[in-house]
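# Descriptive analysis of the structure
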Amino acid sequence: MDVYKERNHFFVTKTHSVIKKYSLSPVTAVAHSNIALIKYWGKRSVEYNLPAVGSISLTLDALHTKTTLQFSDTLKEDQLILNDQDATASALKRVSDFLDITAGSSDRPKAKVISENNFPTGAGLASSASGFAALALAAGKGMGQSLSDEALSRLARMGSGSAARSIYGGFSEMQLGTKDDGSEDFAVPLYDENYWDVRLLVAVTSDEKKELGSTEGMVRTTKTAPYYEHWVSSHPNDLREMRQAIAEKDFEKTGELAEHSCFKMHGLAMAAKPPILYWNAATTETIHRVWILRKSGVPAYVTIDAGPQMKILCLPESVDAVKDTLSEINGVRSVIEAKPGPGAYIMETVNETII
Ligand code: 2P0
């Protein structure tokens, strides 16, 4: 690799006559987390991170990751600061590998990355979704690449499957590709954040990092869960019904389908060997309490991801009733209220050096 600096602003590399121009200025990107209404669980390729099923999600305004990345001509290794602390070796490796993928080579200048979540990390609140969406945007820009939303979504997916959906605001759908190279596996926008004013209340039941990561959970499920093939074959119908329910703004149908997909996924994971159970006692208690509330006439529906946190989908007029119910449950530590949120974006105003 030949390296030379251009007026102190860029780091230019030349490998096999391919010239790449890395910005030495910091780049800051923000991406919001998302909640899957029709769940992604299972991979058809771990190597290329290709999902086995499509998914439909809602991006959330209240949960976000802000990531600043700066390439350097002096750093010897990548650095990652996550929520004000040096990241673990495995988190750093995941980010370094992702930067290699984005650059198309490990022959690249090293970067310092500072990433902050405004919510607990690694406990099933989709920190990898907002994290890799923000990183894809910042890295692409730092590498001088002009990426379409489709290309950004594809790139984010290589970091984390759910991140592909966080490129967009509002409702989006992760499409299932057929090719082995993943070129067709990216998310597309369905409706933006102004389309439908629904609410998602996140009931935090634990700040602990989950014991089993999503990737390991999916691999185990794929290999050992007896209903796995049915999960995959019945998925297109779930997606079709959800698309229609959202198109018609049919809240009851949307909620029913979301709950069904949630329990179908968790039932599948529980049937893996050894079983995968992401819930705690407060998770289970909250399910029952929301169902009792629904019987009393409040349309509220639960969904749960790869962690013990509860997410309750409701309409704006039901927020107070759901919050009252959650406040009575032992083990619910805090409640975050979210609305449909925006897609990922670059913060043009932040440009202080971080190196
Ligand atoms: C989803 N989850 O659709 C599903 C539902 C959790 C339950 O995608 O292995 O961090 O990095 O592609 O995206 C969480 O898994 O997994 C997830 P990888 P990811 O949101």
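Residues numbered from 1 in each chain as written. Predicted model: local features only at pLDDT ≥ 70, side-chain atom pairs only at ≥ 80, totals over all residues. Heavy atoms only, no water.

## What to know about the pattern of salt bridges
In total, this model carries 17 salt bridges according to the counting rule given. For Lys179, the salt bridge identified is with Glu184, shortest N-O distance 3.9 Å. Judged by its relative accessible area of 26%, Glu184 is partly exposed. (Salt bridge = Lys/Arg side-chain N within 4 Å of Asp/Glu carboxyl O. Buried < 20%, exposed > 50% of the residue type's maximum accessible area, 1.4 Å probe, protein only.)

## Considering the pairing of strand β13 (residues 199-204)
Summarising burial for β13: 6 of the 6 residues are buried, a large majority. Every second residue of β13 is oriented toward a common face, with Arg199, Leu201 and Ala203 on one face and Leu200, Val202 and Val204 on the other, all of them buried. Both β13 and strand β16 (residues 334-338) contribute to a ladder of 5 bridges, which runs antiparallel. If you follow Leu200 over to β16, its bridge partner there is Ala338. (Helix = DSSP H or I, 4+ residues; strand = E, 2+ residues; numbered from the N terminus. Pairing = 2+ DSSP bridges.)

## A word on the site of the ligand
Close to the ligand lie 18 residues, the nearest being Lys43, Ser160, Gly161, Ser162 and Thr215. Here Ser128 contributes a side-chain N or O atom positioned 2.8 Å from an oxygen atom of the ligand. Between the ligand and the protein, one listed contact pairs an oxygen atom with a side-chain N or O atom of Ser160 at 2.7 Å. Burial of the ligand by the protein chains amounts to 93% of its free accessible area of 460 Å². Among the elements that make up the shell around the ligand, the one with the highest residue count is helix α4 (residues 214-224) (3 residues). Partitioning the shell around the ligand into residue classes produces 6 nonpolar, 7 polar and 5 charged. When residues of the shell around the ligand are assigned to domains, at least three map to each of domain 1 (25-195 + 342-347) and domain 2 (199-338). (Near = heavy atom within 4 Å. Polar contact = N/O pair within 3.5 Å; in protein donor to acceptor, adjacent residues only side chain to side chain. Areas by Shrake-Rupley, 256 points an atom, 1.4 Å probe, with all protein chains shown as cover. Nonpolar A, V, L, I, M, F, W, Y, C, P; charged D, E, K, R; others polar. Domains from an automatic or database assignment.)

## Quick notes on the sheet that holds β13
Ordered in space as β14-β15-β13-β16, the 4 strands form an open sheet in which the pairing is antiparallel. Each edge of the open sheet carries a strand with a single partner, namely β14 (300-303) and β16. Pairs of neighbouring strands in the sheet enclose a mean axial angle of 25°, with direction left out of account. Relative to strand β15 (residues 310-314), β13 is paired through 5 bridges, and the arrangement is antiparallel. Residue pairing for β15: Leu200 is matched across the bridge by Leu313. Docked against the sheet, helix α7 (residues 281-295) engages β14 and β15, running at close to 160° with respect to β14. Against the sheet, helix α8 (residues 319-327) contacts β13, β14, β15 and β16, and its axis sits at roughly 10° relative to β13. (Axes fitted to C-alpha atoms, helices over the stretch in contact; angles between N-to-C directions. Contact = heavy atoms within 4.5 Å.)

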